[in-house]
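# Structural overview
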Amino acid sequence: MSTFFKGTFLLVVVAFIGECVEFLINMVLANELGEVGMGLYMSILPVIFFIVVLASMELPVSISKFIAEKEEKYHFSMLQHAIRFTVLFTIVLVIATILVLPILPVFNHYHPYIRALVIVIIPLVSFSSVARGYFMGVQHMGKIATANFLRRIVQLGLLVIIYKLFQFELDKAIFIALCTLVGSEFIVFLYLIHTFFLQFKFFKNKNNARLTGKSVRKSLMSVSLPTTGMRISHSITHAIQPFLIKAALMKAGFSGTMAIEHFGLLTGVAFSIGFFPAFIAHSLSTVLIPTVSEAYAKKDFEKLRKLLQQVILMTSIYGIPAIIIFHIFAEPLTHMFFDSDIAPLYLQLLWPYFLFHFFAIPMQAILIGIGLIKDTLLHFLWSTVIMFLMMYILGSNQQFNMTGIILGMNTGALLIMLMHYVTICKKIGVTLLFRKLVKHSY
């Protein structure tokens with residue numbers, strides 16, 4: 001368990017610094033782009049992240065799970081096959097993206113070169129994912145932490161320098177913001193690939209067992225495909241969400257510009273503040289996947305029960321005080337972005353959405369570690385359907401409008417957290433209140 005806590009502590013500390021940098025990035029973007037520009041930037045970002053999800057194929061998760069479960073003598077052969085698969089997959093995805101991007105209308109209202117940025121980011125993400133998965137599997141969390149920090153600090157530096165030196169029209173300013181995102185990904189790519197190949201050369205001098213390409217691909221795809229399906233569902237949801245909110249608000253009497261502005265306040269301000277502590281949840285997830293995978297492979301259910309208890313305790317310790325602080329200091333926090341009277345209210349109303357996600361994120365990692373990836377996907381789909389229905393029905397009502405949107409979001413977060421928790425308890429053989437152990441499910 002010491003490795004778990006050391007890895008978590010390291011990631012949490014570095015992630016905290018990274019989140020502070022991310023906070024500054026959003027402040028720079030808010031000041032440069034304005035409310036409408038921030039809404040447009042936040043609207044295109046989910047589409048780009050969707051391409052990023054496809055490019056990664058969730059290899060960090062599948063490779064880390066494979067590494068954690070298998071002996072070291074199998075690692076070199078597995079990585080060889082993983083690299084070959086990544087090369088082929090990247091070529092296919094780049095060609096498909098080049099063919100599809102010109103016909104996607106979502107890019108029509110943005111700078112034309114944004115499509116080129118999407119193509120450039122694909123190989124960067126694909127090959128970085130192999131290295132990231134290996135370092136997660138062997139729990140070299142220092143390298144993961146460094147890569148995560150590099151991404152944010154490079155993006156902030158580029159944004160500050162470029163926006164300080166030059167003035168841009170809105171479409172070019174958004175394009176520059178996305179360029180800095182790709183530039184930071186390139187630096188992370190160089191760091192991870194360099195470090196990975198140093199380790200890869202070290203493996204050559206060892207006695208390694210051979211694996212067939214078919215068996216490796218089958219092992220990786222058994223995790224990557226459903227996990228990617230889940231991430232694609234997330235990305236599609238986030239890509240649809242701006243248009244759903246806009247449609248609901250316009251039906252409630254908002255103009256198109258007003259709807260974009262309110263969406264910008266919701267995601268660019270309230271989400272930036274409310275999800276600030278989520279770096280702890282994501283740090284926990286990064287360490288939990290290989291730790292839980294190893295424990296479940298050994299059928300160490302006692303360790304799994306302790307991990308779940310510790311996750312709940314750690315999340316409560318930071319999550320509950322965080323939402324109290326956001327509620328009390330909502331006005332000064334949101335005024336760091338925009339001088340808006342509405343943004344503080346959005347931040348206060350969203351407290352269940354943030355808190356339940358703080359619990360759901362590490363619970364999702366536990367589900368992946370014990371092999372319940374399909375269950376995780378089903379939980380997400382059910383909660384999203386209910387959330388979207390509530391968002392549209394309540395959001396399009398003139399009496400509720402944005403309050404109805406937020407009520408739908410809060411309900412969706414509560415549902416997915418509860419479904420994750422009940423499923424984990426049943427699988428590892430513990431009651432919902434940890435009072436009585438029951439027979440576990442193999």
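This is a predicted model, so every value here is computed, not measured.

### Focus: the overall build of the protein chain
Looking only at helices and strands, one finds 15 helices and zero strands in the protein chain. Expected size for 442 residues packed as a compact globule is a radius of gyration near 22 Å; at 22 Å, the protein chain falls within 12% of this value. Projecting the C-alpha coordinates of the protein chain onto the three principal axes gives extents of approximately 65 × 55 × 35 Å. Evaluated residue by residue, the protein chain yields a buried proportion of 55% over its 442 residues. Long-range contacts, defined as pairs at least 24 residues apart, comprise 82% of the intrachain contacts of the protein chain with a sequence gap of at least 6. Carbon and sulfur atoms make up 68% of the accessible area of the protein chain, which amounts to about 19,400 Å² in all. Counting 33 positive and 19 negative side-chain charges, the protein chain places the averaged centre of each group 17 Å from the other.

### Quick look at the side chain of Arg305
Tracing the sequence through the fold places Arg305 in helix H10 (residues 301-328). A distance of 3.0 Å separates a polar side-chain atom of Arg305 from the backbone oxygen of Ile428.

### Section: unusual backbone geometry
Positive phi, close to 40 degrees, is recorded for Asn401, a residue that is not glycine. Relative to the elements of secondary structure, Asn401 occurs in the loop between helix H14 (373-395) and helix H15 (402-428).

### What about a nonpolar patch on the surface?
A contiguous nonpolar surface patch, about 570 Å² in accessible area, is contributed by Val87, Ile91, Ile95, Leu99, Val100 and Ile103. When you line up the elements, Val87 lands in helix H3 (residues 75-100). Residue Val87 is classed as partly exposed on the basis of its relative accessible area of 37%.

### As for the packing of aromatic side chains
Per the stated rule, a full pass over the model turns up 17 aromatic pairs. Judged by centre distance (5.5 Å) and plane angle (75 degrees), the rings of Phe196 and Phe197 are edge-to-face. With relative accessibility at 2%, the residue Phe196 sits in the buried group. The rings of Tyr134, Phe135, Phe196 and Phe197 are connected pair by pair, giving a single aromatic cluster. Lying over the aromatic face of Tyr296, Lys299 brings its terminal NZ or CZ to 4.3 Å of the ring centre.

### Points about the environment of Phe89
When you line up the elements, Phe89 lands in helix H3. In this structure, the C-alpha to C-alpha distance between Phe89 and Ser126, residues 37 residues apart in sequence, is 8.6 Å.

### What about the packing of helix H2 (residues 59-69) against H3?
The N-to-C vectors of H2 and H3 enclose an angle of 165 degrees; their axes lie 11 Å apart at closest approach. What the angle tells us is that H2 and H3 run roughly antiparallel. Between H2 and H3 the crossing geometry is right-handed. Residues Leu59, Ile63, Phe66 and Ile67 of H2 form the contact with H3, whose own contacting residues are His75, Met78, Leu79, Ala82 and Thr86.

So, how was this worked out
Per chain, residue numbering runs from 1 following the sequence as it is written. Given that the model is predicted, a residue must reach a pLDDT of at least 70 before its local features are reported, and side-chain atom pairs must reach 80 or more before they are shown or counted; all residues, however, enter totals for whole chains, interfaces and linings. Only hydrogens and water are removed before side-chain values are computed, so all heavy atoms of the structure are retained for them. Here a helix means four or more residues in a row that DSSP labels H or I, a strand means two or more in a row labelled E, and each is numbered from the N terminus. The globule rule used here is 2.2 Å times the number of residues to the 0.38 power, and the radius of gyration it is set against is calculated over C-alpha atoms. Relative accessibility under 20% of the residue-type maximum defines a buried residue, over 50% an exposed one, and the middle range a partly exposed one, all with a 1.4 Å probe and only protein chains included. Contacts are residue-level and defined by heavy atoms, with any inter-residue pair within 4.5 Å sufficient. Every accessible area reported is derived by Shrake-Rupley at a probe size of 1.4 Å, with residue values counting cover from the shown protein chains alone. Under the convention used here, Asp and Glu are negative, Lys and Arg are positive, and both His and the chain ends fall outside the count. Where a charge lies is defined by one atom per residue type: Lys uses NZ, Arg uses CZ, Asp uses CG and Glu uses CD. N or O atoms closer than or at 3.5 Å make up a polar contact, with two conditions inside protein: a donor-capable atom paired with an acceptor-capable one, and, for residues adjacent in sequence, both atoms drawn from side chains. Each patch groups residues whose relative accessible area exceeds 30% and which form no salt bridge, using 9 Å between like charges and 5 Å between nonpolar side chains of Val, Leu, Ile, Met, Phe, Trp and Tyr. Each salt bridge in this description consists of a side-chain nitrogen of Lys or Arg and a carboxyl oxygen of Asp or Glu lying within 4 Å of one another. The pairing test for Phe, Tyr and Trp rings, Trp by its six-membered ring, is centres within 6.5 Å, and the orientation test on the planes gives stacked under 30 degrees, edge-to-face over 60, and tilted for anything in between. By definition here, charges over rings are those cases where NZ of Lys or CZ of Arg is within 6 Å of the ring centre and within 35 degrees of the ring normal. Orientation is described by lines fitted to C-alpha atoms, with helices fitted over the stretch in contact, and by angles between N-to-C directions that extend from 0 to 180 degrees. Each angle is binned into one of four classes, with values under 35 degrees roughly parallel, values over 145 roughly antiparallel, values of 65 to 115 roughly perpendicular, and all other values oblique. Definitions for this section: a left-handed crossing has its near helix turned counterclockwise from the far helix by less than a right angle. A right-handed crossing has that turn clockwise.

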